[in-house]
Amino acid sequence: MANSPESNPISHGSSLGAPLLVPSKEPGWDSGPGSEPQKVCIDDMLQNYCGEFGYWQLKHFVLTSLAWALEAFHTMVMIFADREPGWRCVGELGCDEKESHVCGLEPGSWEWEGGPGSSTVAQWGLVCGQKNKVGLVQALFFGGCMIGAGVFGHLSDSKLGRKGSLTAVCILNAIFGCLTSLAPDYSTYLLLRFVTGFSTGGVGLCSFVLATEPVGPTKRGVAGMSTFYFFSTGIALLSGIAYIFPSWRALYVASSVPSILFLVLVVPFISESPRWYLVRGKMNEAMKIMRTIANANGHHLPDEVILALDDESNDASNGNQIWEAATVEKEAISGSIVDVIRSPITRIRLFLAVGINFTCSVVYYGLSLNVVNLETNLYLTVLLNAVAEMPAFTITAVLLDKFGRKPLAIGTQWFSAIFCFMGSLMGNVGISKVIRMCCGLLGIFGMAGTYNLLFIYTAELFPTVVRNAALGCATQAAQMGAILAPFVVVLGGGFPFLVFGVCGLIGGMLAYYLPETLNKPLYDTMTGLEEGELA
């Protein structure tokens, strides 16, 4: 941890626009211990000088986290666009409206309520023997998310950075979303949903890391848990948008326009992560952001305090070595998923995180999509599901720093599993239908808390240099679970609830073997992590 800075009579220039943020060594300069710059890691600088969660972090957090609502729009729009609308009898061809389904009715004896443009199911007749095509569209969307999470997870750690990757995925989302509304046939629609998933897979990933990395260590847990409020709010807003725009084509346009507004009105006011600048060797840029944070929060960052990677700030080197490490531009430090697997510490963490994210996603997305099988008001049920998630975020955020990440990860998954098992025993008529819906609400309540917790938990398990790559890998596993969820939902009845219960039980068992990260530092490098964990 950093010590209190010593006074330094030499002025190094405090202007934010100064061309040299790291002091230069002048001829005849005394390199005694009292004149050396103080090297601190980002967490120490935030705690001691800049503020952990002041005005700057609050503004940046809110603006960046708005992207979660965009992900909710592009992901959950399938609930409404691919729904099976109601139908009614027409003409005198012997149609019986007491029939539970249209499969046994004569063609021309019935019609869809709202016309063929009300949903893709009505547009292309995706019922009866074609019903599996609905699940295929949804599965391919999540397949695109899986690929996109890996691609943009790598790009945000390397060339594009966090902000650049977030900008790219929002541009692609806006384009692909609007093009989807013009799909002339099922095959084109299938392709466009896949590429939309590819870009959507990187939205939450980049937004989460960019929003939480500038936050101090004691506030990061609560901040990270709060990001999903924006996702749930997006789902709630989407239910209202879908009610206003009943046509699936108009709905895709309406759900894509916010991405354009985000690019124009929000992205220009978002900053790149100082941690990414630091590991990429861009010391000047990282220090500029840290000074901006300190000034905006009403704090003062002394000129003699400079940033360093965690393994450097812990290095007990002599004065000359310190100055060599404090150069303005340093060689970029990079890492990949190969480095994560190569290290025994991170390899086990990655495998466990992948398994938990997979099972959690099956339950979360499965319960979200399963509303079509509950035979209740679709708009109201989706809204209730979104509202049910929010108290879970609040409770887990409050308990996060009291009980730790590991106990909550286990408890929330098993809580969800209990109610999913109960739901599998309920019928779909009378009071049993109401009880099953309540079991679904409580199931999604528990798993929403887990899904949110896993982002902050997974981010804390890996160092900055590979954080997005590891988080992207875990997100890919989550998307694989999401791919499976639509096919489980299509089976209907109590079977989906049974599958969700088993997944929740297994996920909680896997979480038991993860280490606790409460009050642990957010490491920058693999070396820093290994030295810190083995100390």
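Residues numbered from 1 in each chain as written. Predicted model: local features only at pLDDT ≥ 70, side-chain atom pairs only at ≥ 80, totals over all residues. Heavy atoms only, no water.

### Overview of the overall build of the protein chain
Threshold: Helical segments are the DSSP runs of H or I of at least four residues, strand segments are the runs of E of at least two, and each set is numbered from the N terminus. Buried residues are those whose accessible area, probed at 1.4 Å on protein chains only, stays under 20% of the maximum for their type, while exposed residues exceed 50% and partly exposed ones sit between those limits. By the convention used here, residues are in contact when the closest approach between their heavy atoms is within 4.5 Å.
Within the protein chain, the regular secondary structure consists of 22 helices and four strands. Of all 535 residues assigned to the protein chain, the portion counted as buried reaches 56%. Across the protein chain, every contact between residues at least 6 apart in sequence was considered, and the portion connecting residues at least 24 apart equals 83%.

### Some remarks on a nonpolar patch on the surface
The condition is simple: Patches in this entry comprise residues that are over 30% relatively accessible and not in a salt bridge; like charges within 9 Å are linked, as are nonpolar side chains (Val, Leu, Ile, Met, Phe, Trp, Tyr) within 5 Å. Areas reported here follow the Shrake-Rupley algorithm with a probe of radius 1.4 Å; residue values treat only the protein chains shown as occluding. Basic side-chain nitrogens of Lys or Arg form a salt bridge, by our definition, when they fall within 4 Å of a carboxyl oxygen of Asp or Glu.
There is a patch of nonpolar side chains on the surface, built from V253, V257, I260, L261, V264 and L265 and spanning about 490 Å² of accessible area. Overall, the relative accessible area of 45% leaves L261 in the partly exposed class.

### Brief notes about the confidence of the model for the protein chain
Where the model shows low pLDDT, its predicted coordinates should not be examined in detail. Operational definition: Note on scores: pLDDT gives the predictor's confidence for each residue, bounded by 0 and 100.
Summing up the model confidence of the protein chain, the mean pLDDT is 81 and the portion of residues at 70 or higher is 85%. Model confidence for the protein chain, summarised as mean pLDDT per element, is weakest for helix α14 (residues 319–325) at 41 and strongest for helix α10 (residues 248–265) at 95. A low-confidence stretch, residues 1–35 (pLDDT under 50), is modelled with 51 contacts involving residues beyond four sequence positions or located in other chains. Scored below 50 in pLDDT, residues 316–330 makes 28 contacts in the model with residues more than four places away or belonging to other chains.

### Let's talk about the pattern of salt bridges
One pass over the full model with this rule turns up six salt bridges. One salt bridge connects E213 with R162, and the closest N-O pair in it is separated by 2.8 Å. Here the residue E213 occupies a position in the loop between α8 (203–212) and α9 (217–244), and R162 occupies one in helix α6 (residues 161–180), the gap between them amounting to 51 residues. By relative accessible area, R162 is classed as buried at 0%.

### Quick word on helix α21 (residues 495–511)
Counted only if it meets this: Working rule for helices: expected span equals 1.5 Å times residues minus one.
With 17 residues, α21 extends 25 Å between its outermost C-alpha atoms, agreeing within 8% with the 24 Å of an ideal straight helix rising 1.5 Å per residue. Taken together, the buried positions of α21 are P496, F497, V499, F500, G501, C503, G504, G507, G508 and A511. Contact partners of the buried residues in α21: α16 (344–369), α18 (405–424), α19 (430–461) and α20 (464–491).

### Re the packing of aromatic side chains
Formally: For Phe, Tyr and Trp, where Trp contributes only its six-membered ring, two rings pair if their centres lie within 6.5 Å, and the inter-plane angle classes them as stacked under 30 degrees, edge-to-face over 60, or tilted in between. Should the NZ of a Lys or the CZ of an Arg lie within 6 Å of a ring centre and within 35 degrees of the ring normal, that charge is described as sitting over the ring.
Per the counting criterion, the structure on display carries 23 aromatic pairs. When the ring of F53 is compared with that of F61, the centres are 6.1 Å apart and the planes differ by 75 degrees; the resulting orientation is edge-to-face. Given the relative accessible area of 32%, F53 is considered partly exposed. Consider the rings of F80 and Y379, whose centres lie 5.4 Å apart with planes at 15 degrees: the pair is stacked. Note that F80 is positioned in helix α3 (residues 67–81) and Y379 in helix α17 (residues 378–403), a separation of 299 residues in sequence. The cationic tip of K133 hangs over the ring face of Y186; the distance from NZ or CZ to the ring centre is 5.2 Å.

### Looking at the packing of helix α2 (residues 55–65) against α8
Applied cut-off: Note on definitions: angles span 0 to 180 degrees between N-to-C directions of axes, and those axes are lines fitted to C-alpha atoms, for helices only across the stretch in contact. An angle counts as roughly parallel when it lies under 35 degrees, as roughly antiparallel when it exceeds 145, as roughly perpendicular when it falls between 65 and 115, and as oblique in every other case. Following the grouping adopted for this structure description, the nonpolar residues are Ala, Val, Leu, Ile, Met, Phe, Trp, Tyr, Cys and Pro, the charged ones are Asp, Glu, Lys and Arg, and the polar ones are all others, Gly among them.
At a minimum axis distance of 9 Å, the contact between α2 and α8 shows a crossing angle of 180 degrees. Overall, the two elements α2 and α8 adopt an arrangement that is roughly antiparallel. Contacts between α2 and α8 involve H60, F61, T64 and S65 from the first element and S207, L210 and A211 from the second. Looking at side-chain class alone, the contact of α2 with α8 contains three nonpolar, four polar and no charged residues.

### Some thoughts on the environment of F462
Here F462 lies in the loop between α19 and α20. Under the relative-accessibility criterion, F462 is labelled buried at 1%. Between the C-alpha atoms of F462 and V340, which are 122 residues apart in sequence, the distance is 8.3 Å. Those residues in contact with F462, other than ones at most four positions away along the chain, are V340, T346, R349, L350, R467, A470 and Y523.

### Thoughts on the environment of L190
When you line up the elements, L190 lands in helix α7 (residues 186–200). Residue L190 is classed as buried on the basis of its relative accessible area of 17%. Sequence separation between L190 and T180 is 10 residues, and the spatial gap between their C-alpha atoms is 9.1 Å. Those residues in contact with L190 that sit more than four places away from it in its chain are L136, V137 and L140.

### Side note on the environment of V222
If you trace the backbone, V222 turns up in helix α9. Expressed as a C-alpha distance, the spacing of V222 and D401, which sit 179 residues apart in the sequence, is 8.1 Å. Ignoring anything within four residues of it in the chain, the contact list for V222 reads A397, L400 and D401.

### A few points about α8
Structurally, the α-helix is built with 3.6 residues per turn, so residues lying three or four positions apart point the same way. Most of α8 sits inside the fold, with 10 of its 10 residues counted as buried. Within the span of α8, buried status applies to V203, G204, L205, C206, S207, F208, V209, L210, A211 and T212.

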